[in-house]
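The primary structure of each chain is shown beneath.
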Amino acid sequence: MNIAGKVALVTGGASGLGLATAQELVSAGALVVIIDLPASDGAARAAEIGDNARFSPGDVTNERDVLAAVETARGFGGLHIVVNCAGVVNPGRILNRAGDPIPLERFELVVRINLIGSFNVLRLAAAQMATQEPDGEENGVIVNTSSVAAFEGQIGQAAYSASKGAIAALCVPVARDLAAKKIRCMAVAPGTFDTPMLASLPDAARAALAEAIPHPHRLGRPEEYARLVRHIVENPMLNGETIRLDGALRMQP
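Model, not experiment: these values are computed from the prediction.

## Some details on the pattern of salt bridges
In total, this model carries 12 salt bridges according to the counting rule given. Across the salt bridge formed by Glu-24 and Arg-230, the nearest N and O atoms sit 3.1 Å from each other. One end of the pair, Glu-24, is in helix H1 (residues 16-27); the other, Arg-230, is in helix H8 (residues 222-234), and 206 residues separate them in sequence. On the basis of relative accessible area, Glu-24 is assigned to the buried category, the value being 17%. Among the salt bridges present, the one from Asp-246 reaches Arg-250, with a minimum N-O distance of 3.2 Å.

Shown next as structure tokens:
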């Protein structure tokens, strides 16, 4: 899909991977709607990007909030690209040191935001995409964010790994479901990236994470994720697949 003149919706777009993606898509000529929590820096980030960006405050698990973001995109001229970057980690072992099980609510929270939130956005976005005139072969492109934890989840990552594994598993059925509507679905599985999720870690912990990456020997940069998203959008044969973006990292327990 030619990005110039298209409208994109980026969830979690106030920071990290989402912000870098919004900036990359605008640089390619897109108009972008950022959806993030009302308390986020979304309004300021959209203002910094300029006239080609809008902020739509909301929770990705809330249908009304997502529909409001889709309506904002319609005001830009439709909706052609969706990139789901909103997510949480919230690690915790299944049993604590006393042998007590993790509260079910903690597992549910991660799955609700990472998986159900992404699906909520893609289903409502696809409904809008399907009403539009195709651009050549395509009506739309959906890119979800999985994780290497989908394949090698670490200790304490049961909820996160389950949610991100489900994102990877969604690719083929969503691509098949939406093929008749000329809508593609892909996912990116990042390794350890230098995002706000890691910013709170001590320098020693961040250095250890970087040390584990074979090559390049550093944390990933959000703009590298964004460039892959751009290529996915621009390459019409990429469909129904999860691409690892991890420098050959294989997570240890």
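## A closer look at the sheet that holds strand S4 (residues 81-84)
The strands making up a sheet associate through backbone hydrogen bonding, with each pair oriented either parallel or antiparallel. Here seven strands make up an open sheet; going across it, the order is S3-S2-S1-S4-S5-S6-S7 and the pairing parallel. Lying at the two open borders of the sheet, with one neighbouring strand each, are strand S3 (53-57) and strand S7 (242-245). Strand-to-strand twist in this sheet, taken as the mean axis angle between neighbours without regard to direction, amounts to 20 degrees. Pairing between strand S1 (residues 7-11) and S4: four bridges, direction parallel. Paired with Val-10 across the two strands is Val-83, which belongs to S4. Its contacts with the sheet put helix H2 (residues 42-49) on strand S2 (31-36) and S3, and the angle it makes with S3 is roughly 170 degrees.

## Examining the environment of Val-148
Residue position: Val-148 is located in the loop between strand S5 (140-145) and helix H5 (158-178). Spatially, the C-alpha atom of Val-148 lies 8.3 Å from that of Leu-245, the residues being 97 residues apart in sequence. Beyond its immediate sequence surroundings of up to four residues, Val-148 is in contact with Ala-189, Pro-190, Gly-191, Arg-244, Asp-246, Leu-249 and Met-251.

## A short note on the environment of Ala-46
Summarising the element assignment, Ala-46 is placed in helix H2. Contact partners of Ala-46, with chain neighbours within four places excluded, come to Ile-34, Ala-53, Arg-54 and Phe-55.

## Observations concerning the layout of surface pockets
Estimated volume of the largest pocket: approximately 960 Å³. Forming the walls of the largest pocket are 39 residues, and the residues nearest its centre are Gly-87, Val-88, Val-89, Tyr-160 and Met-197. Elements that contribute at least two residues to the lining of the largest pocket include exactly H1, S2, helix H4 (104-129), H5 and helix H6 (196-199). When grouped by side-chain class, the residues that make up the lining of the largest pocket number 21 nonpolar, 15 polar and three charged.

## What about H1?
Its 12 residues give H1 an end-to-end C-alpha distance of 17 Å, which sits within 8% of 16 Å, the value for a rise of 1.5 Å per residue. The element H1 is extensively covered by neighbouring structure, given that 10 of its 12 residues are classed as buried. Among the residues of H1, those classed as buried are Gly-16, Leu-17, Gly-18, Leu-19, Ala-20, Thr-21, Ala-22, Glu-24, Leu-25 and Val-26. Positioned one or two residues after H1, Gly-29 has a phi angle of 105 degrees, which is positive.

## Considering the side chain of Asn-114
On the secondary structure map, Asn-114 appears in helix H4. Its relative accessible area of 1% is what places Asn-114 among the buried residues. A polar contact is formed between the side chain of Asn-114 and the side chain of Ser-163, at a distance of 3.1 Å. Residue contacts for Asn-114: discarding those within four places in its chain leaves Ala-86, Gly-87, Val-88, Tyr-160, Ser-163, Lys-164 and Ile-167.

Rules used in this analysis
- Residues numbered from 1 in each chain as written.
- Predicted model: local features only at pLDDT ≥ 70, side-chain atom pairs only at ≥ 80, totals over all residues.
- Heavy atoms only, no water.
- Salt bridge = Lys/Arg side-chain N within 4 Å of Asp/Glu carboxyl O.
- Helix = DSSP H or I, 4+ residues; strand = E, 2+ residues; numbered from the N terminus.
- Buried < 20%, exposed > 50% of the residue type's maximum accessible area, 1.4 Å probe, protein only.
- Pairing = 2+ DSSP bridges.
- Axes fitted to C-alpha atoms, helices over the stretch in contact; angles between N-to-C directions.
- Contact = heavy atoms within 4.5 Å.
- 1 Å grid on protein atoms, 1.4 Å probe; cavity = no way out; pocket = protein on both sides within 12 Å on 5 of 7 lines; lining within 4 Å.
- Points joined across faces, edges and corners; volume = space filled by probe spheres on them.
- Nonpolar A, V, L, I, M, F, W, Y, C, P; charged D, E, K, R; others polar.
- Expected span 1.5 Å × (residues − 1).
- Polar contact = N/O pair within 3.5 Å; in protein donor to acceptor, adjacent residues only side chain to side chain.

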